[in-house]
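# Fold and geometry: a report
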Amino acid sequence: MPYPNMLEISIVADLDTCLPLTSVSIHAAHRLISPYIHHTRKIRAFKARGAFHALLRLCSELGIEEVRKRGVTTHSSGNHAQALALAAATLNIPAHIVMPSISTSSKIAGTKAYNARVLFSGSTEPERVTVVNEVMRETGAILVPPYDHRDIILGQGTAALELEKQAAALMKGVDTEVDLKKNHPLDAVIAPLGPGGLLAGTATYFSNTPSTHVFGAEPSFQGGDDGRRALAAGSCIPTVSSLTVADGLRMPVGEINWTVISDQTKVRGAFAVTEDQSKDAMKLVLERMKLVIEPSAAVPLAVVLFDEEFRTIAEKEGGEKGWDVGVIFSGGNTTVEAICNLHGNR
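Owing to the predicted nature of the structure, the values given are computational and were not obtained by experimental measurement. Each residue is numbered by its place in its chain's sequence as written, counting from 1. Confidence filtering applies because this is a predicted model: local features only for residues at pLDDT of at least 70, side-chain atom pairs given and counted only at 80 or more, and all residues used for totals across whole chains, interfaces and linings. Hydrogens are left out, water is left out, and the side-chain values use all remaining heavy atoms of the structure.

## Concerning the packing of helix 12 (residues 295-306) against helix 13 (residues 308-318)
For helices, the axis comes from a line fit to the C-alpha atoms of the stretch in contact; other axes are also lines fit to C-alpha atoms, and the angle between any two N-to-C directions lies between 0 and 180 degrees. Under the DSSP-based scheme used, a helix requires at least four consecutive residues in state H or I and a strand at least two consecutive residues in state E, with every element numbered from the N terminus. The N-to-C vectors of helix 12 and helix 13 enclose an angle of 70°; their axes lie 6 Å apart at closest approach. The angle between helix 12 and helix 13 falls in the class roughly perpendicular. For the crossing formed where helix 12 meets helix 13, the hand is right-handed. The residues of helix 13 that touch helix 12, namely those facing Val303, Val304, Leu305 and Phe306, are Glu308, Phe310 and Arg311. Classifying every residue of the contact of helix 12 with helix 13 by side-chain character gives five nonpolar, no polar and two charged. Every angle not falling under 35 degrees, over 145, or within 65 to 115 is termed oblique; those three ranges are roughly parallel, roughly antiparallel and roughly perpendicular. For any helix crossing, the convention is left-handed if the near helix is rotated counterclockwise from the far helix by under a right angle, and right-handed if that rotation is clockwise. Any two residues whose heavy atoms approach within 4.5 Å at even a single point are treated as in contact. All residues other than Ala, Val, Leu, Ile, Met, Phe, Trp, Tyr, Cys, Pro, Asp, Glu, Lys and Arg, Gly among them, are scored as polar; the first ten of these are nonpolar and the last four charged.

As structure tokens, this is what we get:
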């Protein structure tokens with residue numbers, strides 16, 4: 001039977017019961033999701049962190065049997081889609097995933113591989129949300145937002161926690177736990193800025209570490225740099241219509257994420273790069289590091305490599321030593337055909 005009034009009550013985890021956006025909460029989120037995640041994740045994207053954290057918190061609040069009875073839903077171009085499908089399959093919860101019909105084929109296949117029901121929509125957020133609302137009315141499924149929720153933000157922020165631990169251990173030349181209360185090794189961290197969940201989580205984690213500057217990175221193609229432009233204007237930009245190759249960064253910044261990203265004590269600024277610069281960064285990672293990353297993940301590295309403003313800041317403030325910069329590769333969901341097409345159409 002349909003659930004006509006379900007839209008008012010079926011979003012994951014009431015915000016009144018969510019943990020606050022603090023570094024302490026990110027440590028708590030990391031403890032909760034640690035049994036389910038790996039430094040190299042099965043879906044090759046950071047999104048598993050937010051999905052598992054949000055779903056585990058939801059099961060804690062409503063009870064897992066209630067969540068299993070109703071199922072969960074979301075909309076995503078692919079990485080959160082796979083993340084929620086994986087988390088739901090792990091906990092034996094039905095998942096209804098709405099994906100744009102132009103999503104990368106490997107992301108669609110990956111989502112279906114976790115036995116999720118996949119429905120297709122247009123590429124814009126309103127088109128995605130329309131289909132999600134239909135799913136919620138028809139099934140009673142609970143919405144697990146792709147990015148604009150505190151549980152999601154805190155889960156994504158655990159990537160920054162692990163990044164800092166790894167950097168500290170690397171700089172000490174040992175593979176052991178490092179006391180991060182005394183040793184903050186990174187001068188700057190740069191993360192992709194699309195809807196903003198990862199950047200907001202990263203900024204939240206480093207919010208008590210003024211020695212580490214946090215930056216966002218976006219594609220400039222067709223106005224995809226809405227976050228950078230919003231920071232310059234002082235107000236959030238609600239819509240984006242970019243078809244940048246960085247498909248994970250096509251969505252506008254979420255409202256909750258904006259409250260973090262617009263706080264200059266947490267995010268110092270954002271930079272934008274061209275499509276060719278992102279492709280060149282992606283190619284460099286493939287050839288030199290032997291890692292497959294998707295275009296969205298290459299955008300932060302492209303800023304480090306090509307943005308003269310960012311490089312000038314790092315050189316000026318870093319002195320002879322320079323800056324030690326942490327770059328978050330947000331995902332590796334692409335195909336051989338897509339890589340060939342990216343570099344064949346130059």
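Don't stop here, the text continues.
## Notes on empty space enclosed by the protein
Cavities and pockets were defined on a 1 Å grid built over protein atoms only: a cavity is a set of grid points that admits a 1.4 Å probe from which the probe cannot escape, a pocket is an open set flanked by protein on both sides within 12 Å along at least five of seven lines, and lining residues are those with an atom within 4 Å of any such point. Grid points are joined across faces, edges and corners, and a volume is the space filled by probe spheres set on the points. Applying the stated criterion across every chain, the model contains one cavity of 30 Å³ or more. Forming the boundary of the largest cavity are 28 residues, of which Phe46, Lys47, Pro195, Gly248 and Leu249 lie nearest the centre. For the lining of the largest cavity, the secondary structure elements donating two or more residues are helix 4 (79-90), helix 7 (150-172) and helix 8 (197-205). Viewed by domain, the lining of the largest cavity spans two of them, domain 1 (23-143) and domain 2 (186-343), each represented by three or more residues. These domain boundaries are the output of an automatic or database domain assignment.

## Side note on the side chain of Glu275
Turning to its location among the elements, Glu275 is positioned in helix 11 (residues 275-289). Only protein chains enter the area calculation, which uses a 1.4 Å probe; residues under 20% of their type maximum are buried, those over 50% are exposed, and those in between are partly exposed. Here Asp and Glu are counted as negative and Lys and Arg as positive; His is not counted, and neither are the chain ends. For this document, the term salt bridge refers to a Lys or Arg side-chain nitrogen within 4 Å of an Asp or Glu carboxyl oxygen. Lys279 provides the closest opposite charge to the buried, salt-bridge-free Glu275, at an N-O distance of 6.1 Å. Residues in contact with Glu275, not counting those within four places in the same chain, are Pro219, Phe221, Thr244 and Val245.

## Observations concerning the environment of Ser123
With respect to the helices and strands, the residue Ser123 is situated in the loop between strand 3 (117-121) and helix 6 (125-139). Ser123 sits in the partly exposed class, given a relative accessible area of 31%. With 127 residues separating them in the primary sequence, Ser123 and Arg250 have C-alpha atoms 9.1 Å apart. Those residues in contact with Ser123 that lie beyond four places of it in its chain are Pro100, Ile102 and Arg128.

## Observations concerning the sheet that holds strand 7 (residues 269-273)
When DSSP finds two or more bridges between two strands, those strands count as paired. Read from one edge to the other, the open sheet built from four strands follows the order 7-6-5-8, with strand pairing classed as parallel. Edge strands, defined here as strands with exactly one partner in the open sheet, are strand 7 and strand 8 (325-327). Neighbour to neighbour, the strand axes of the sheet diverge by 25° on average, direction disregarded. Pairing analysis gives five bridges linking strand 5 (residues 188-192) to strand 6 (residues 213-219), with the strands arranged parallel. Its bridge partner being in strand 6, Ala188 is matched across the sheet by His213.

## Some points on the layout of surface pockets
Approximately 330 Å³ is the volume attributed to the second largest pocket. If you trace the second largest pocket, you find 19 residues lining it, with Thr104, Val245, Asp247, Arg250 and Ala338 closest to the centre. The element contributing the most residues to the lining of the second largest pocket is helix 14 (residues 336-344), with three residues. Each residue belonging to the lining of the second largest pocket can be placed in one class, and the counts come to six nonpolar, nine polar and four charged. Each of domain 1 (23-143) and domain 2 (186-343) gives at least three residues to the lining of the second largest pocket.

## Points about the pattern of salt bridges
Counted according to the given criterion, the structure contains 14 salt bridges. Residue Glu66 is joined to Lys69 by a salt bridge in which the shortest nitrogen-to-oxygen separation is 3.4 Å. A residue pair is termed a helical-turn pair when its members lie 3 or 4 positions apart in one helix, as Glu66 and Lys69 do in helix 3 (residues 64-70) at three residues. The closest approach of N and O atoms between Glu317 and Arg268, which form a salt bridge, is 2.4 Å. Linking Glu317 in helix 13 with Arg268 in the loop between helix 10 (255-261) and strand 7, this pair joins segments that are 49 residues apart in sequence. Taking the relative accessible area as the measure of exposure, Glu317 reaches 41% and is therefore partly exposed. For Arg268, a relative accessible area of 35% translates into the label partly exposed.

## Thoughts on the sheet that holds strand 1 (residues 72-75)
Pairing in this open sheet of four strands is parallel, and the strands run 3-2-1-4 from one edge to the other. Looking along the sheet, the strands with just one partner apiece sit at the ends: strand 3 and strand 4 (142-143). Pairing between strand 2 (residues 95-100) and strand 3: five bridges, direction parallel. By the bridge assignment, Pro100 is partnered in strand 3 with Ser121.

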